[in-house]
Amino acid sequence: MYRLLIVDETMEQCEATKALLRWGVYGISSVITATSYVEAVDKAMDLNPHVVLVNVRLGNHQGWELVEHLRSIGLKAAYCMLSDDNDPDLIRESMRSGAQDFLLRPLQSREMRAFLERNLACCPKDKSGSASEDDEVDPVLGVAYSSLSKITNKIILVVRSNYRSPQTLISIAENLNMSSKYIGRVFLKDTGIKFSEYLMAYRMLEAKRLIVSSQEKISAIAGMVGYVQLNNFYIHFKNYFGVSPSALRNFNFPQASAELPSGETHERPI
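A brief structural summary. (Residues numbered from 1 in each chain as written. Predicted model: local features only at pLDDT ≥ 70, side-chain atom pairs only at ≥ 80, totals over all residues. Heavy atoms only, no water.)

1. What to know about the packing of helix α2 (residues 37–47) against helix α6 (residues 150–162)
In contact at an axis separation of 9 Å, α2 and α6 are set at 120° when each is read in the N-to-C sense. On the basis of the axis angle, α2 is oblique to α6. Remark: the crossing between α2 and α6 carries right-handed chirality. Between α2, through D42, M45 and D46, and α6, the contact on the second element is made entirely by K150, K154, L157 and V158. In terms of residue class, the contact of α2 with α6 is built from three nonpolar, no polar and four charged. (Axes fitted to C-alpha atoms, helices over the stretch in contact; angles between N-to-C directions. Helix = DSSP H or I, 4+ residues; strand = E, 2+ residues; numbered from the N terminus. Parallel < 35°, antiparallel > 145°, perpendicular 65-115°, else oblique. Left-handed = near helix turned anticlockwise from the far one by under 90°. Contact = heavy atoms within 4.5 Å. Nonpolar A, V, L, I, M, F, W, Y, C, P; charged D, E, K, R; others polar.)

2. Things to note about the nonpolar core
Core analysis: the biggest nonpolar cluster contains 60 residues, and L66 and F233 have the highest contact counts within it. Examining the composition of this core, we find that nine residues originate from one element, helix α9 (residues 195–213), more than from any other. Leaving out residues up to four positions away in the same chain, F233 has contacts with M204, A207, I218, A222, V225, Y227 and P245. Ranked by size, the runner-up nonpolar core spans 19 residues in total, among them L4, W23, A78 and M112. (Core = buried A, V, L, I, M, F, W, Y, C linked by side-chain atoms within 4.5 Å. Buried < 20%, exposed > 50% of the residue type's maximum accessible area, 1.4 Å probe, protein only.)

3. Overview of α2
Looking only at α2, the buried set comprises Y37, A40, V41, A44 and M45. Projection of α2 onto a plane perpendicular to its axis shows the buried side chains occupying an angular sector of 125°, all on one side. Close packing links the buried residues of α2 with β1 (2–7), β2 (28–34), β5 (61–62), α3 (63–72) and α6. Remark: N48 follows α2 within two positions and exhibits a positive phi of approximately 50°. (Arc of directions from axis to C-beta.)

Laid out in structure tokens, this is it:
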């Protein structure tokens, strides 16, 4: 069965959209509503909807910003923007963010049906009628997200979307309106490691991916994964993988060493 998230500026608008179709005909068993950007992110992280209908304007945010954010944290859904304004710039930004369609108000049931028929086939149904987390395996822990608590999944989603920026349990807890000590205990119980260890490991895996898939300077990659101090990056990388970033790159791109001007090396600065 599928889940639908409707995001609009008022509950009246949400209810109007909710009343547009008999959603159950399309296998949608749950219709969720949100009236702000923050509430939408929270409910999306909790309930993992298959279809998301978003107003192009959400208070101080644009709807396409929400779509972009949800996609960046790994929410695989069919996205449709809803608008009173046929503005080419809004349509362009919506499509760029990853939305599959852009529907104008007043909403037409036939257009919504067409959107669902085009996109629901690409959304995997839950194996049961109950809400479930994605069965994707976490790259750090090696376990399915469905085996972890909702709190731990929320923390991991924050890391995945913001690992380039400074991250602390305190700041995450404030956003979740919870105690940092409590969510830290839950995370440790679920994963067997501390939040700081998970964050470092995730950054290391992202750094490795960039080192073996690009020719970016290693100093630039360190900054891209959230490190301000280059030496700290080298130390963490060597401890985690057993080789230096330069050695890993030379193993994957041996020709790179031969192309260096005479006297230059890939060794890290001291």
